[in-house]
Amino acid sequence: MFKRLKNFICKIFNIKACQCDDEHIEFFTKVPEPDVPVHEDKPTHCGSHTRFMKSCDQCIAITT
């Protein structure tokens, strides 16, 4: 259904797109590994409040 609709629209607007089915799909769907290592942040506070509190023992334990 979709392929027939796509072909119909291509014929109307005279679009000459690539007619191959699966050759280029890997190029667009494969995610390469990054060259630069990704920085992951450590949590800065515990789950009981929204930001770091220096009087909270759990926040201090998580950051050290």
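Remember, predicted model here, so these are calculated numbers, not experimental data.

(A) Quick peek at the overall build of the protein. Counting secondary structure elements, the protein contains three helices and zero strands. In sequence order, the protein lays out its α and β elements as α-α-α. The 64 residues of the protein split such that 8% are buried. For the protein, the exposed surface amounts to about 6700 Å²; the carbon and sulfur share of it is 60%.

(B) Layout of the state of the cysteines. Counting across every chain of the model gives zero disulfides. Just so you know, C46 is unpaired, no disulfide at all, and the nearest cysteine sulfur is the one on C56, 3.7 Å from it. By relative accessible area, which is 4% here, C46 ends up buried. Residue C56 is classed as buried on the basis of its relative accessible area of 15%.

(C) Highlighting helix α1 (residues 2-13). Over its twelve residues, α1 runs 17 Å from end to end, which matches the ideal 16 Å to within 8%, given 1.5 Å per residue. Remark: N14 follows α1 within two positions and exhibits a positive phi of approximately 55°.

(D) View of a nonpolar patch on the surface. Together, L5, F8, I9, I12, F13 and I15 make up a nonpolar patch on the protein surface, roughly 600 Å² of accessible area in all. Tracing the sequence through the fold places L5 in helix α1.

(E) Examining the side chain of H49 more closely. Within the secondary structure layout, H49 lies in the loop between α2 (25-29) and α3 (57-63). Given a relative accessible area of 18%, H49 falls into the buried group. Here the side chain of H49 touches R51 through a polar contact of 3.4 Å, landing on its backbone oxygen. Excluding its chain neighbours within four sequence positions, the residues that come into contact with H49 are C56 and C59.

Calculation rules
- Throughout, residues of each chain are indexed from 1 in the direction in which the sequence is written.
- Per-residue local features of the predicted model are confined to residues with pLDDT of at least 70, and side-chain atom pairs are confined, for both listing and counting, to 80 or more; whole-chain, interface and lining totals are unaffected and use all residues.
- Excluding hydrogens and water, the side-chain values take into account all heavy atoms of the structure.
- Runs of E in the DSSP output that reach at least two residues are strands. Runs of H or I that reach at least four are helices, and both are numbered from the N terminus.
- With a 1.4 Å probe rolled over the protein chains alone, any residue whose accessible area is under 20% of its type maximum counts as buried; one over 50% counts as exposed, and the rest are partly exposed.
- We get accessible surface area from the Shrake-Rupley algorithm with a probe of 1.4 Å; when it comes to residues, only the shown protein chains can shield them.
- Sulfur atoms of two cysteines make up a disulfide when they are within 2.5 Å.
- An expected span of 1.5 Å times one less than the residue number is assigned to each helix.
- Patches here: salt-bridge-free residues with over 30% relative accessible area, like charges joined within 9 Å, nonpolar side chains (Val, Leu, Ile, Met, Phe, Trp, Tyr) joined within 5 Å.
- When a carboxyl oxygen of Asp or Glu is within 4 Å of a side-chain nitrogen of Lys or Arg, the pair counts as a salt bridge.
- We call two N or O atoms a polar contact when they sit within 3.5 Å, provided that within protein one can donate a hydrogen and the other can accept it, with sequence-adjacent residues counted only if both atoms are side-chain atoms.
- Only heavy atoms matter for contacts: two residues are in contact if any of them lie within 4.5 Å across the pair.

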